[in-house]
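Now for the letters of each chain:
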Amino acid sequence: MIKAVIFDMDGLLVDSETLAMEATLQVVPELDIAFEPGEEKNMVGVSTKKFFTDLLQKHGSAMDPKKAVDIFDDIYEKSLSTNLKAFDGAKALPQQLKERGLKLGLVSGSTAVQVNIVLNFLGINDLFEVVISIDDVAHSKPNPEGFLLGAQKLGVTPEECVVLEDATAGVRAGKAAGMYVIAVRNNGDQDLSEADEVVNNLTEVKI
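A brief look at the structure comes next. (Residues numbered from 1 in each chain as written. Predicted model: local features only at pLDDT ≥ 70, side-chain atom pairs only at ≥ 80, totals over all residues. Heavy atoms only, no water.)

1. Quick look at the pairing of strand β1 (residues 4–7)
To be explicit about the condition: Exposure is judged per residue with a 1.4 Å probe applied to protein chains only, and the accessible area is read against the type maximum: over 50% gives exposed, under 20% gives buried, and values in between give partly exposed. A helix here means a DSSP run of H or I that spans at least four residues, while a strand means a run of E at least two residues long, and both kinds are numbered starting from the N terminus. Two strands are counted as paired when DSSP detects at least two bridges linking them.
Residues of β1 alternate between two faces, with A4 and I6 on one and V5 and F7 on the opposite face, all of them buried. Looking at chain direction, β1 and strand β2 (residues 103–107) are connected through 4 bridges and run parallel. Bridged to A4 within β2 is K103. As judged from the 4 bridges shared by β1 and strand β4 (residues 161–165), these two strands associate in the parallel manner. Across the sheet, residue A4 finds its bridge partner in β4, namely C161.

2. As for the pattern of salt bridges
Put simply, the rule is: The salt bridge definition used is simple: a Lys or Arg side-chain nitrogen within 4 Å of an Asp or Glu carboxyl oxygen.
Tallying each qualifying case throughout the model produces 11 salt bridges. Between K66 and D70 there is a salt bridge whose closest N-O contact spans 3.0 Å. Highlighted residues: K66 and D70, both in helix α3 (residues 65–83), separated by 4 residues, approximately one helical turn. Across the pair E165 and K141 runs a salt bridge whose closest N-O atoms are separated by 2.7 Å. Of the two residues, E165 is situated in strand β4 and K141 in the loop between β3 (130–132) and α6 (145–154); the sequence distance between them amounts to 24 residues. With a relative accessible area of 1%, E165 lands in the buried category. According to the relative accessible area criterion, K141 is buried, its value standing at 9%.

3. Section: the packing of α3 against helix α5 (residues 112–122)
Put simply, the test is: Angles here are taken between N-to-C directions and fall from 0 to 180 degrees, while the axes themselves are lines fitted to C-alpha atoms, restricted in helices to the stretch in contact. Note on terminology: angles under 35 degrees are roughly parallel, angles over 145 are roughly antiparallel, angles of 65 to 115 are roughly perpendicular, and the others are oblique. What makes two residues a contact is simply this: any of their non-hydrogen atoms within 4.5 Å. Three classes are used, and their members are as follows: Ala, Val, Leu, Ile, Met, Phe, Trp, Tyr, Cys and Pro are nonpolar, Asp, Glu, Lys and Arg are charged, and the others, Gly among them, are polar.
Across the interface, α3 lies against α5 with an axial gap of 10 Å and an inter-helix angle of 10 degrees. As the angle between them shows, α3 and α5 are arranged roughly parallel. Residues D73, Y76, E77, L80 and S81 of α3 lie in contact with α5, whose contacting residues are V113, Q114, I117 and V118. Partitioning the contact of α3 with α5 into residue classes produces 5 nonpolar, 2 polar and 2 charged.

4. Quick notes on the packing of aromatic side chains
Definition in use: By convention, a stacked pair of Phe, Tyr or Trp rings (six-membered ring in the case of Trp) has centres within 6.5 Å and planes under 30 degrees apart, an edge-to-face pair has planes over 60 apart, and any other such pair is tilted.
Here the structure, examined in full by the defined rule, presents 4 aromatic pairs. Each ring, one from F7 and one from F128, has its centre 5.6 Å from the other, and the planes form 85 degrees; the classification is edge-to-face. Here F128 lies in the loop between α5 and β3 and F7 lies in strand β1, a separation of 121 residues in the sequence. Taking 5.0 Å as the distance between ring centres and 75 degrees as the angle between the ring planes, the aromatic pair formed by F51 and F52 counts as edge-to-face. Classification of F51 as buried rests on a relative accessible area of 4%. Within the aromatic cluster, the residues linked to one another by ring pairs are F51, F52, F72 and Y76.

5. What to know about α3
Counted only if it meets this: Helices are assigned an expected span. That span is 1.5 Å times one less than the residue count. For the purposes of these results, a polar contact is taken to be a pair of N or O atoms within 3.5 Å, where, inside protein, one atom must be able to donate a hydrogen and its partner to accept one; residues adjacent in sequence count only when each atom of the pair is a side-chain atom.
Compared with the 27 Å implied by 1.5 Å per residue over 19 residues, the 26 Å span of α3 between its first and last C-alpha is a close match. Restricting attention to buried positions, one finds in α3 the residues A68, V69, F72, D73, Y76, S79 and L80. The secondary structure elements touched by the buried residues of α3 are α1 (16–27), α2 (48–58) and α5. The backbone nitrogen of K66 lies 3.0 Å from a side-chain oxygen of the residue at the head of α3, namely D64.

6. Description of the packing of α1 against α3
Between two packed helices, the angle of one axis relative to the other and the distance separating the axes together describe the packing. As a reminder of what qualifies: Two helices that cross are described as forming a left-handed crossing if the nearer one is turned anticlockwise from the farther one by less than a right angle, and a right-handed crossing if clockwise.
Viewed as axis vectors pointing N to C, α1 and α3 meet at an angle of 135 degrees, and their least axial separation amounts to 9 Å. In terms of axis orientation, α1 runs oblique to α3. By crossing handedness, the relation of α1 to α3 is classed as right-handed. Side by side, α1 and α3 meet where S16, L19, A20, A23, T24, Q26 and V27 of the first sit next to A68, I71, F72, I75, Y76, S79, L80 and N83 of the second. Residues belonging to the contact of α1 with α3 are distributed by class as follows: 10 nonpolar, 5 polar and no charged.

7. Considering the side chain of E17
Here is the rule: Neither His nor the chain ends contribute to the count of charged residues, in which Lys and Arg are positive and Asp and Glu negative.
By the secondary structure assignment, E17 is in helix α1. The side chain of E17 sits in the buried core without any salt bridge; K141 is the nearest counter-charge, 8.2 Å away. Leave out the neighbours within four places in its chain, and E17 touches D10, G11, V44, G45 and D166.

Below, the structure written as structure tokens:
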């Protein structure tokens, strides 16, 4: 029996991944690396720290990834505050699920500051009993730590959870946690083949 639904945030509720990739391209000139076109897409579904750590390592840079993350966060958070767009169903679906008595959690690879910006924008802060940001875990998706912590805090078992995700890494994290995963395409081009179900947008989700 399903008792809880755990949402991802970026690329699922809001089109923040587009903003994140645009912010990444603004950071690149500061990195002094031979950045390849399209590498910014590798950040979808993973934490900013992991993305910049992997990117700098790949290009043999000695720069501290934290410096790159700090530059990124400054640009990205300003963009979130001014250019954010919600996907269809981002407000309605959590409200409908809450009214049915399901417990709601959110597990994001973004920082707590960034999560708060988005939830304030959507006006749905009070619908989520548990919010897990990248600040709360040691390992980002595809590691299942965030989803398992979310279930624990919601007081449910993984088998009682449905995960809503839009990215390959998130789908893998949900499956690794032992949860039922519904993947939502929205405007992304991620490989979602490992999900239990795939829908085009949040308005098509049936739980």
